[in-house]
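# Results of the structural survey
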Amino acid sequence: MNHSPNDLIMLFNDLFREPFRTILVKGGSEPEYLPADGPSGLARVVFAHGYYASALHEISHWCIAGEHRRTLHDYGYWYCPDGRTPEQQRAFEQVEVRPQAQEWLFSVAAGSRFHISVDNLSGDGACDEQQFRANVLAQAERYLAEGLPPRGQQFFDSLKSFYGTARDFDRAWQQDMQRLVSPNSLSDRVRNTETV
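Summary of the structure given here. (Residues numbered from 1 in each chain as written. Predicted model: local features only at pLDDT ≥ 70, side-chain atom pairs only at ≥ 80, totals over all residues. Heavy atoms only, no water.)

## Considerations on the sheet that holds strand β3 (residues 43-47)
Rules: Pairs of strands are assigned from DSSP output, requiring at least two bridges between the strands. Secondary structure is summarised from DSSP: a helix means a run of H or I of at least four residues, a strand means a run of E of at least two, and numbering begins at the N terminus for each. Each axis is a line fitted through C-alpha atoms, taken for helices only over the stretch in contact, and angles between the N-to-C directions span 0 to 180 degrees.
Reading across from one edge, β1-β3-β2 is the order of the three strands in this open sheet, with mixed pairing throughout. Where the open sheet ends on each side, the last strands, each with one partner, are β1 (22-26) and β2 (32-34). The sheet shows a mean angle of 20 degrees between the axes of neighbouring strands, taken without regard to direction. Pairing of β2 with β3, which is carried by three bridges, proceeds in the antiparallel orientation. Directly across from Leu 34, in β3, lies its bridge partner Arg 44.

Here it is in structure tokens:
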């Protein structure tokens, strides 16, 4: 299946340009969210290097951000680059569970490959990568059972329609879940679903 970021730009902009005055655009080395610079301006969700996976990740953050956060540069979140301390990494992992869970569902809906990321290659890595994986999985399963945030659900449904994956989504989800989460993580997830 061909995965062009231009398709994501088209889908996102068709859904959200008018009602939310927001567009998805290719960027350079760093992703970024730029709020509208006035009542008639457009907010921009900028994804890195034109990468498809980066676009899905940034869309996921935007779909979660509330109305106030969408008025702030990068939604008002702090970001410590790669090389975080254990405390900074713990905070990063807590903030990333929901967007990565939603991104994972977007990826399966698009038929693309998802990778859970602790994003700390030059630091000490994850605080607890297995638990992080289990938390992302538990959140994704909650989204499937209860529904995604409204904009996320719209985009998710649009991806399934565009890529023709709606009928086989459940099977694809089960396969991808097995690919990304080890059996030990699955049993940990059952014991720790209340920690998310």
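Okay, back to it.
## As for the environment of Arg 17
Filter applied, for reference: A contact between two residues is defined here by any heavy atoms of the two lying within 4.5 Å.
By the element assignment, Arg 17 lies in helix α1 (residues 5-20). The sequence separation of Arg 17 and Leu 42 amounts to 25 residues, and the corresponding C-alpha distance is 7.9 Å. Those residues within four positions of Arg 17 in sequence are excluded, and the remaining contacts are Phe 12, Thr 22, Ile 23 and Leu 42.

## Some details on helix α6 (residues 169-180)
Every α-helix winds through 3.6 residues per turn, so residues three or four apart in the chain are directed the same way. Filter applied, for reference: Each residue after the first adds 1.5 Å to the expected span of a helix. Here's how the labels work: a residue is buried when its accessible area is under 20% of the maximum for its type, exposed when over 50%, partly exposed in between, all with a 1.4 Å probe on protein chains only. This arc describes the spread of directions from the helix axis toward the C-beta atoms.
When the terminal C-alpha atoms of α6 are compared, their 16 Å separation across twelve residues agrees well with the 16 Å that a helix rising 1.5 Å per residue should span. Among the residues of α6, Phe 169, Trp 173, Asp 176, Met 177 and Leu 180 are the ones counted as buried. Projected down its long axis, α6 shows its buried positions confined to an angular sector of 105 degrees, all on one face.

## Description of the pattern of salt bridges
Our working definition: For this document, the term salt bridge refers to a Lys or Arg side-chain nitrogen within 4 Å of an Asp or Glu carboxyl oxygen.
Taken as a whole and judged by the stated rule, the model has five salt bridges. Glu 18 serves as the salt-bridge partner of Arg 17, at 3.8 Å between the closest nitrogen and oxygen. When its relative accessible area of 35% is taken as the criterion, Arg 17 is described as partly exposed. By relative accessible area, which is 55% here, Glu 18 ends up exposed. Here Asp 157 ties to Lys 160 by a salt bridge, and the two come within 3.9 Å at their closest N and O atoms. Taken as a pair, Asp 157 and Lys 160 lie in helix α5 (residues 150-163) at a separation of three residues, close to a single helical turn. Classification of Asp 157 as partly exposed rests on a relative accessible area of 36%. On the basis of relative accessible area, Lys 160 is assigned to the buried category, the value being 17%. Within the structure, one salt-bridge network assembled from shared partners comprises Arg 17, Glu 18 and Arg 21.

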